[in-house]
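Tertiary structure, described
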Amino acid sequence: MAEMTPTGGAPADSFRPIPPRPPPSSAVGPVRWVRENLVSSPLNVLLTAIGLYLIWLIVPPLIDWALVSADFFGSSSDDCTSDGACWVFVGARFQFFIYGFYPDPERWRVNIMFLMLAAFLVPQFLPGTPAVVRKWLGIFGLTLYPLITAVLLLGGVFGLPAVETGKWGGLMLTLVLSYVGIVAALPIGILLALGRRSHMPIIRTICVMFIELWRGVPLISVLFMASVMLPLFLPEGVNFDKLLRALIGIVMFQSAYMAEVIRGGLQGIPKGQYEAAAALGLGYWRATGLIILPQALKMVIPGIVNTFIALFKDTTLVLIIGLFDILGAVQASIVDPAWGRVAVEGYVFAAFCFWVFCFGMSQYSQGLERKLHTGHKR
Amino acid sequence: MTDIISMQDPNGLVDGHPVDHHVGAEAMIQITDMNKWFGSFHVLRDINLTVHKGERIVVCGPSGSGKSTMIRCVNRLEEHQAGSIVVDGIELTEDVKKIDMIRREVGMVFQHFNLFPHLTVLENCVLSPIWVRKEPRRQAEERAMALLERVKIPEQALKYPGQLSGGQQQRVAIARALCMNPKLMLFDEPTSALDPEMIKEVLDVMVQLAESGMTMVCVTHEMGFAKTVADRVVFMDSGQVVEQAPPSEFFTNPKSDRTRLFLSQILKH
């Protein structure tokens, strides 16, 4: 210690930096965490005690209801004998929750859709996946996958029997709606955001009007318009699919929101980045695609994922135009008199499905943020 | 640290090329009666300036005098409203193709570096050669590494700009501009945002570049650099070119009283 301190008396130029020492034990590890977070003041001690009491009050009965005294096996309401949750109901209606009215012999087509989705999504979550694989899986998911899936689910070609969209339902419909919504809303949103910042007055005006129009109306009225009003304006005989109309409505609506999120990112890019790109001879599209957008999108990943999650949950609104997504399927099932009071079980199952997907998106976005962080704070 | 110390070695800076003045050579930049307004504010007034090929020009003057705006007009980061600017025989007009042609020939280094933070140092350097000049990646990377070597930071090639010091970032910015093989380099206060310890490493690179015969226009407050490197010093105030002269004359015998006042202010310390 003593020889480290450069005290007076010694001649100049013998500066030696003090080597770093570990902090005292009270400032690290679980001890510090408990001290700082649980018992740092009398008030905190009190709050900790109340918190523990509430946990003790809520968690054990919940576990008891959901797991310990619940019924898992059986085929009808008669098998639900205990006073816990009747998961038998979910098991019995599972097919309906997943596939809706999609005809039984054709459900393998839906299963292929699920499998492909898992096949290109799961590697994105695994840390060991090589970047090239990630990239190509991503490109597949954004381009070929929606096309293949559309052919597969609709049928009518390659000897596949056609399945009309009115029979689609359950989790499958939820995924179709939100996947198309996500994949289409992002690029349209990017174009709208760029258009709104354009120097060309006509393009800017069109984009502003589009965004403000769609943001100004509730999604529920967009869907209602799409399903009820739109056919009135179309000429006689022209009629296109209800699901397609709902999809267009959702995409337009969400792309307007997406545009504003992305515009927030574009505004965060310093002017110097545009100037450096211009000085290097990059034109508008190259500068935008190579310099501006990668940074702007990275900056607003939380906002983009937030919009995606909202979109995913908003798809349940198609219920009002007679499409049965997973929540719709659950709701239709719990009123079945053959089952007693199973509403809670049904809703818990639906909530769990939504949670799995939304939490997955959230985790993915956090992983993405960590990966793209390049040590630059600006 | 060792990097900076080794750069102070004068042997590394002098590579034996005699400094020739190129007077009477072809013009690289020809600015004639150029005027510019920001809204109703008249920033540049009747600018006339010729820069010959191979010439090193230092532009100085008080802040707000229009120095930066003037050199930003040369690669059209700013638009001029009257007069003409001819760069390497191409006149700057609304024509986007001509602007692109000029930008391809003119490198620029900014006060705040303006590196692309989402790309590594090497990617920063090869981006424009690959996308604008359509060079094969391998060839662009080889040249970029050679240039990073020249600015003495090849070991940082795979890092991101955010991981580098200000001086290192500015040297990357110089290398990035040089990767386009420019005929002319513009420097817009390249050392103004740097810590005193880092200014020298950037100036050393600029001196080295000047000695290689590059045509350079530098807006800078580094009077030492002006004295040793510049062929001509241009002094600006209130959007006008007040005086231009070789540094020997400019610093010892300024003609205008405005120049004299400026020099007395900055050389006092």
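Look up a bit, the structure's there.
What counts, and where the lines are drawn
- Residues numbered from 1 in each chain as written.
- Chains lettered and ligands numbered in written order.
- Predicted model: local features only at pLDDT ≥ 70, side-chain atom pairs only at ≥ 80, totals over all residues.
- Heavy atoms only, no water.
- Axes fitted to C-alpha atoms, helices over the stretch in contact; angles between N-to-C directions.
- Helix = DSSP H or I, 4+ residues; strand = E, 2+ residues; numbered from the N terminus.
- Left-handed = near helix turned anticlockwise from the far one by under 90°.
- Contact = heavy atoms within 4.5 Å.
- Nonpolar A, V, L, I, M, F, W, Y, C, P; charged D, E, K, R; others polar.
- Phe/Tyr/Trp six-rings, centres within 6.5 Å; stacked < 30°, edge-to-face > 60°.
- Buried < 20%, exposed > 50% of the residue type's maximum accessible area, 1.4 Å probe, protein only.
- Parallel < 35°, antiparallel > 145°, perpendicular 65-115°, else oblique.
- Salt bridge = Lys/Arg side-chain N within 4 Å of Asp/Glu carboxyl O.
- Buried area = accessible area lost by both parts, 1.4 Å probe.
- Polar contact = N/O pair within 3.5 Å; in protein donor to acceptor, adjacent residues only side chain to side chain.

**So, the packing of helix H9 (residues 219–233) of chain A against helix H10 (residues 242–267) of chain A**
All names here are of chain A.
- One way to put it is that H9 packs onto H10 with a least axis distance of 9 Å and a crossing angle of 140 degrees. Between H9 and H10 lies a crossing whose hand is right-handed. For the pair formed by H9 and H10, the contact residues are Leu 219, Val 222, Leu 223, Ala 226, Ser 227, Leu 230 and Pro 231 on the first element and Arg 245, Ala 246, Gly 249, Ile 250, Phe 253 and Gln 254 on the second.
- Among the residues making up the contact of H9 with H10, the classes are represented as nine nonpolar, three polar and one charged.

**Observations regarding the packing of aromatic side chains**
All names here are of chain A.
- Applying the stated criterion across every chain, the model contains 19 aromatic pairs over all chains.
- Considering the side-chain rings of Phe 210 and Trp 214, the 6.0 Å spacing of their centres and the 50 degrees angle between planes classify their relative orientation as tilted. Of this pair, Phe 210 and Trp 214 both sit in helix H8 (residues 201–215), separated by four residues, roughly a single helical turn.
- Phe 210 sits in the partly exposed class, given a relative accessible area of 22%.
- For Trp 214, a relative accessible area of 19% gives the class buried.
- On the basis of an interplanar angle of 25 degrees and a centroid distance of 6.4 Å, the ring pair of Phe 352 and Trp 355 is categorised as stacked. Taken together, the positions of Phe 352 and Trp 355, both in helix H15 (residues 343–372) and three residues apart, correspond to about one turn of that helix.
- An aromatic cluster is defined as three or more aromatic residues linked by ring pairs; in this entry it consists of Phe 120, Phe 140, Tyr 145 and Tyr 179.

**With respect to the packing of H10(A) against helix H13 (residues 301–314) of chain A**
Residue and element names in this part refer to chain A.
- The N-to-C vectors of H10 and H13 enclose an angle of 160 degrees; their axes lie 9 Å apart at closest approach. When the interaxial angle is binned, H10 and H13 end up roughly antiparallel. Seen from above, H10 lies across H13 with right-handed handedness. Residues Ile 250, Gln 254, Tyr 257, Met 258, Val 261 and Ile 262 of H10 touch H13, and the partners they reach there are Gly 303, Ile 304, Thr 307, Phe 308, Leu 311 and Asp 314.
- For the contact of H10 with H13, the residue count by class is eight nonpolar, three polar and one charged.

**Quick notes on the pattern of salt bridges**
- As enumerated under the stated definition, the model contains 23 salt bridges over all chains in all.
- Where Glu26(B) meets Lys53(B), a salt bridge forms, and the shortest distance between an N and an O atom there is 3.5 Å. One end of the pair, Glu26(B), is in the loop between helix H1 (2–7) and strand S1 (27–38); the other, Lys53(B), is in the loop between strand S2 (41–52) and strand S3 (56–60), with 27 residues separating them in the sequence.
- Exposure remark for Lys53(B): the relative accessible area of 25% places this residue in the partly exposed category.
- Linking Asp237(B) and Arg258(B) is a salt bridge whose minimum nitrogen-to-oxygen distance equals 2.7 Å. Of this pair, Asp237(B) sits in strand S9 (residues 232–237) while Arg258(B) sits in helix H10 (residues 257–266), and the two are 21 residues apart along the sequence.
- You can call Asp237(B) buried: its relative accessible area is 16%.
- A cluster of three or more residues bridged by salt bridges with shared partners is formed by Arg196(A), Glu212(A), Arg215(A), Glu260(A) and Arg263(A).

**Comments concerning the interface of chain B and chain A**
- Across the contact, 25 residues belong to chain B and 20 residues belong to chain A.
- Both faces combined, the contact of chain B with chain A buries some 2,100 Å², and carbon together with sulfur accounts for 62% of it.
- The three residues of chain B that bury the most area against chain A are Phe116(B), Pro117(B) and His118(B), which together make up 27% of that side's buried surface.
- Where chain B touches chain A, the interface holds one salt bridge.
- Notably, a salt bridge pairs Glu275(A) with Arg72(B), separated by 2.5 Å at the nearest N-O pair.
- Between the two partners, chain B and chain A, sit six residue pairs in polar contact (both at pLDDT 80 or more).

**Remarks on unusual backbone geometry**
Residues and elements named next belong to chain B.
- For Asp 88, which is not a glycine, the phi torsion comes out positive at approximately 50 degrees.
- You will see that Ser 238, though not glycine, has its phi angle at about 50 degrees, which is positive.
- Residue placement: Ser 238 occurs in the loop between S9 and strand S10 (240–245).
- Classification of Ser 238 as partly exposed rests on a relative accessible area of 36%.

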